Amino acid sequence: MAGAPIVHIVDDDASFRSAISRVLKASGYAVADYDSAASFLEATDAEPGCLLLDVQMPALNGLELQQELAKLSHHWPIIFMTGHGDIPTSVRAIKAGAEDFLSKPILKQTLLEAIERALSRLREVQRNQGRLDALRALIAQLTPRENEVFALMVRGKMNKQIAYSLGTSERTIKYHRQMIMQKLQVGSFAEAVSVAERTGMLTPEPSLDVKGAS
């Protein structure tokens, strides 16, 4: 993340938001605060970070906001805060992917440690996404025919089988395989399979007829 980590506080209690904001800013965090779940959802320019989310709020509550963010594939880590916590609610929140569930009043050290864990996980998610994006960019360099060959070769099909399926020669398939390895920047078949697995290319199985050769 560029600049200081962003902590988004979503709580309808203005005095609580103000107090937490002061603590976090003094600890080196950038802070954005919202008085409702709806106002957070409307902040389309919100930078990635972690959420300090109150459970009990008017209209859309914290658990409902968590569900909405999941629907939007908005996978920022969430730390729930509540003055009315109970075990079923905390279990529900954690099962849905919450990073932590803290009871108000919250000790400063407890809060800061929870935020650091959340931001550390966010950074790891971003690193993984960056690597995935890089692999997809390499795959995007493949021609349509190379994509067809790649989809079959990573499933263990031999050159003769691929050639039969695609109506071409083994020599042509060997050339395509060489180009695929170069474009994907891999040095072995195992590495090529790993690229396919990490980018989801091994599911579903392509419907091409590969039964011709033995």
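Calculation notes
- The residue count restarts for each chain, going from 1 along the sequence in the order it is written.
- With pLDDT at 70 or above as the cut-off, local features in this predicted model cover only qualifying residues; side-chain atom pairs require 80 or more to be listed or tallied, and sums for whole chains, interfaces and linings still use all residues.
- Side-chain descriptors were evaluated using all non-hydrogen atoms of the structure, hydrogens and water having been removed beforehand.
- Here a strand is any run of E in DSSP of at least two residues, a helix any run of H or I of at least four, and the numbering for each starts at the N terminus.
- In this analysis, two residues are considered to be in contact whenever any of their non-hydrogen atoms come within 4.5 Å of each other.
- Working definition of a nonpolar core: buried Ala, Val, Leu, Ile, Met, Phe, Trp, Tyr and Cys residues. They are joined through side-chain atoms within 4.5 Å.
- The buried label goes to any residue with under 20% of its type's maximum accessible area, the exposed label to any with over 50%, and the partly exposed label to all in between, with areas taken from a 1.4 Å probe on protein chains only.
- Centres within 6.5 Å make a pair out of two Phe, Tyr or Trp rings, where for Trp the six-membered ring is used; the pair is then stacked when the planes are under 30 degrees apart, edge-to-face when over 60, and tilted otherwise.
- By this definition, two strands are paired if DSSP reports at least two bridges between them.
- Structural elements are reduced to axes, namely lines fitted to C-alpha atoms, with helices fitted over the stretch in contact, and the angle between N-to-C directions of any two is expressed from 0 to 180 degrees.
- The term polar contact refers here to a pair of N or O atoms within 3.5 Å; inside protein, the definition further demands a hydrogen-donor-capable atom paired with an acceptor-capable atom, and it admits residues adjacent in sequence only when both atoms are side-chain atoms.

Caption draft 1: Here's a closer look at the side chain of Asp-11. On the secondary structure map, Asp-11 appears in the loop between β1 (6-10) and α1 (14-26). With near-sequence residues (within four places) excluded, Asp-11 lies in contact with Phe-16, Arg-17, Tyr-34, Asp-35, Asp-54, Met-57, Met-81 and Lys-104.

Caption draft 2: Highlighting the nonpolar core. The biggest cluster of nonpolar side chains holds 38 residues, and the ones touching the most others in it are Leu-24, Phe-40, Leu-52, Phe-80, Leu-111 and Ile-115. Elements with a minimum of two residues in this core: β1, α1, α2 (37-42), β3 (49-54), α3 (62-71), β4 (78-82), β5 (100-103) and α5 (108-139). Counting residues per element, this core draws most heavily on α5, which supplies 7 residues. Filtering out sequence-adjacent residues up to four positions away, Phe-40 remains in contact with His-8, Val-10, Tyr-34, Leu-51, Leu-65, Leu-69 and Trp-76. Counting residues in hydrophobic clusters, the runner-up holds 21 residues, among them Phe-150, Val-154, Val-186 and Val-195.

Caption draft 3: Representation of the packing of aromatic side chains within the structure. In total, this model carries 3 aromatic pairs according to the counting rule given. Measuring from ring centre to ring centre gives 5.1 Å for Tyr-34 and Phe-40, while their planes differ by 90°; the resulting arrangement is edge-to-face. Comparing Tyr-34 with Phe-40 shows no difference in burial state: the two are buried. With a centroid separation of 6.0 Å and an interplanar angle of 35°, the aromatic rings of Phe-80 and Phe-101 are classed as tilted. Of this pair, Phe-80 sits in strand β4 while Phe-101 sits in strand β5; the two residues are 21 residues apart in sequence, bridging distant segments of the chain.

Caption draft 4: Highlighting the environment of Arg-131. Looking at the secondary structure, you find Arg-131 in helix α5. For Arg-131, a relative accessible area of 40% translates into the label partly exposed. Sequence-wise, Arg-131 and Arg-198 are 67 residues apart; in three dimensions their C-alpha atoms are separated by 9.6 Å. Those residues within four positions of Arg-131 in sequence are excluded, and the remaining contacts are Glu-124 and Arg-198.

Caption draft 5: Local environment of the sheet that holds β3. Read from one edge to the other, the open sheet built from 5 strands follows the order β2-β1-β3-β4-β5, with strand pairing classed as parallel. With one partner strand each, in any of the chains shown, β2 (30-34) and β5 form the two edges of the open sheet. Across the sheet, the axes of successive neighbouring strands diverge by a mean angle of 20°, strand direction being ignored. Bridge analysis of β1 against β2 gives 5 bridges, and the strand direction is parallel.

Caption draft 6: A look at the environment of Asp-54. One can find Asp-54 in strand β3. You can call Asp-54 buried: its relative accessible area is 5%. Taking the C-alpha atoms as reference points, Asp-54 and Ile-162, 108 residues apart in sequence, are found 56 Å from one another. Residues contacting Asp-54, with those up to four places away along its chain left out, are Val-10, Asp-11, Asp-12, Gly-62, Met-81, Thr-82 and Lys-104. Looking at Asp-54, its side chain comes within polar contact range of the side chain of Lys-104, at 3.4 Å.

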